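The residues making up each chain are set out below.
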Amino acid sequence: MSPDRQTVSLVFPAFNEIESVGEIVDFARQIRARHPEYDFQLVVVDDGSSDGTADALEQLVTPDDNARIVRLSRNFGSHAAISAGFSLASGDAALTLSADRQEPIEAIDQFLAEWESGAEIVWGLRSVRATKAGAQETFATTFSKMYQRFSDVPSYPSEGPSQILVARGALDALNLMPEANRNVLAMAAWTGFEQRRIYFEQLPRPHGVSKWTSKKKIKLVVDSFVEFSHAPLQWVAVCGVVCALIGVLLLIVALILLFIPASSGSGVALIAGLVVGMGGANLVGLGVVGEYVWRAGDDARRRPVFIVSRVYDSLD
């Protein structure tokens, strides 16, 4: 690498992606050949794979690839893996890319062009998604719109970000943030800096299926709101007020019905419904508060976000 040239780190989080290791390395080589004005570092974070992803990568890369293969001690999740990649990226900017190779090479041109013109954070947004519209896609887009509106990071793209380029200043700021339960993209939005957007048509996945399960998506939603929004607490408070008003009305109705012999059973049902409804509302409220308290406890424990078991550098 030349000290007079800027370096871009290409960060790929990978979990059981042995079928895609060839495409990952080949894509990095294509980018390098397409943009000879830059030096590139390939950073692949193996997020606890059990299929030999890291071994295959180490056998495939050469010194010319300037590759850093990072093994985590177990599966910590994609956002922890991205955080690990950011912490070990040595470039003047870091660009996340998917291990399943769903970004066209033309998108890299757009990322770099925006960075060259002064952007410190560049959001990669999908103008066309590779997957068909369905319940999960509707859930994802609804979350992004609600999060952009109700969180403390209004610069978070309401379309839902796919990838991100982060310049060194913003990258250093991100690496200082200690959240245990994290949405690293929301954290990047929170840092501020000059933020711009590019759009690309997502390519179909060439191998296997996505490891991004519904359970992981739900956890990310909860983490995102807890870390950067107090809106859920406000919603619980409003719900409590509404339930209290309904409860008063139901009590009045129940008292009236108690004086009507033929309707005494209805009065008991109303009271039972009121008790069950209020109890459920209380449990929901406690659950929301509990999520905030649990995550505050996680952050207070100061456990590392990820644990690196090994780093392989192709230059060594």
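Right, let's walk through the structure included here. Residue positions are counted from 1 within each chain, in the order its sequence is given. The predicted origin of the model limits local features to residues at a pLDDT of at least 70 and limits the giving and counting of side-chain atom pairs to 80 or more, whereas totals for whole chains, interfaces and linings rest on all residues. Side-chain descriptors were evaluated using all non-hydrogen atoms of the structure, hydrogens and water having been removed beforehand.

1. Description of the overall build of the chain
If you tally the helices and strands in the chain, you get 10 helices and 8 strands. Burial here depends on accessible area, computed with a 1.4 Å probe over protein chains only, as a share of the maximum for the residue type. Under 20% is buried, over 50% is exposed, and the range in between is partly exposed. By the burial criterion, 44% of the 316 residues in the chain qualify as buried. Partitioning the intrachain contacts of the chain with sequence separation of at least 6 by distance along the chain shows that 83% fall at a separation of at least 24. For the accessible areas, the method is Shrake-Rupley and the probe is 1.4 Å, while residue cover comes only from the protein chains on display. In the form shown here, the chain has an accessible surface area of approximately 15,400 Å², with 62% of it arising from carbon and sulfur atoms. Each helix is a run of DSSP H or I of at least 4 residues and each strand a run of E of at least 2, with the numbering of both proceeding from the N terminus. Working rule for contacts: check all heavy atoms of both residues, and any pair within 4.5 Å makes them a contact.

2. Structural notes on the environment of Gln 202
Following the sequence through the fold, Gln 202 ends up in the loop between strand 7 (195-201) and helix 8 (214-228). You can call Gln 202 buried: its relative accessible area is 10%. As for Gln 202 and Arg 101, which are separated by 101 residues in sequence, their C-alpha atoms are 9.2 Å apart.

3. Structural notes on the nonpolar core
If you look at the biggest cluster of nonpolar residues, it comprises 36 residues, and the most contacted ones within it are Leu 10 and Leu 42. Every residue in contact with Leu 10, bar those within four places of it in the chain, is listed here: Ala 28, Ile 31, Phe 40, Gln 41, Leu 42, Val 43, Leu 95 and Leu 97. Take the buried Ala, Val, Leu, Ile, Met, Phe, Trp, Tyr and Cys residues and link them wherever side-chain atoms come within 4.5 Å; each set so joined is a nonpolar core. Judged by nonpolar contacts, the second largest core, of 35 residues, contains Ala 81, Val 166, Val 184 and Val 221.

4. Overview of the side chain of Asp 39
The residue Asp 39 is located in strand 2 (residues 39-46) in this model. Residue Asp 39 is classed as buried on the basis of its relative accessible area, which comes to 12%.

5. Focus on the packing of aromatic side chains
Stacked, tilted and edge-to-face pairs are distinguished by plane angle, under 30 degrees for stacked and over 60 for edge-to-face with tilted covering the rest, among Phe, Tyr and Trp rings (Trp via its six-membered ring) whose centres lie within 6.5 Å. All told, the structure shown has 3 aromatic pairs when counted by the stated rule. Aromatic pair Tyr 38 and Phe 40: ring centres 6.3 Å apart, planes at 70 degrees, arrangement edge-to-face. No difference in accessibility class separates Tyr 38 from Phe 40, as the two residues are buried. Each residue in the set Tyr 38, Phe 40 and Trp 115 is aromatic and connected to the rest through ring pairs, giving one cluster. Look at NZ for Lys and CZ for Arg. If either is within 6 Å of the ring centre and within 35 degrees of the ring normal, a charge sits over the ring. If you follow Arg 74 out to its NZ or CZ, it ends over the ring of Phe 76, 3.9 Å from the centre. Between Arg 101 and the ring centre of Phe 27, over which it is positioned, the NZ or CZ distance is 3.5 Å.

6. What about the pattern of salt bridges?
Salt-bridge detection follows one rule: a side-chain nitrogen of Lys or Arg within 4 Å of a carboxyl oxygen of Asp or Glu. One pass over the structure, following the stated rule, counts 11 salt bridges. Note that Arg 68 is salt-bridged to Asp 313, the shortest N-O span being 2.7 Å. Residue Arg 68 is found in strand 3 (residues 67-72), and its partner Asp 313 is found in strand 8 (residues 308-313); the two are separated by 245 residues along the sequence. The class for Asp 313 is buried, based on a relative accessible area of 18%. With a shortest N-O distance of 2.9 Å, Asp 172 and Arg 168 are connected by a salt bridge. Of the two residues, Asp 172 and Arg 168 both sit in helix 6 (residues 168-175), 4 residues apart, roughly one turn of that helix. For Arg 168, a relative accessible area of 23% gives the class partly exposed. What you see here is one network of salt bridges that share partners, running through Asp 55, Glu 58, Arg 71 and Arg 310.

7. Thoughts on a nonpolar patch on the surface
A patch consists of residues exposed above 30% relative accessible area that lack any salt bridge, with like charges linked at up to 9 Å and nonpolar side chains (Val, Leu, Ile, Met, Phe, Trp, Tyr) linked at up to 5 Å. A contiguous nonpolar patch, built from Val 248, Leu 249, Ile 252 and Ile 256 and spanning about 380 Å² of accessible area, is present on the exposed surface. One can find Leu 249 in helix 9 (residues 231-258).

8. Looking at unusual backbone geometry
Peptide bonds are mostly trans, and most non-glycine residues show a negative phi. Positioned with a positive phi, Asn 66 is a non-glycine residue whose angle comes to about 45 degrees. Assignment of secondary structure puts Asn 66 in the loop between helix 2 (53-60) and strand 3. Classification of Asn 66 by relative accessible area gives buried; the value is 9%. Backbone geometry places Arg 101, a non-glycine residue, at a positive phi of 55 degrees. As for its position among the elements, Arg 101 is in the loop between strand 4 (93-96) and helix 4 (105-116).

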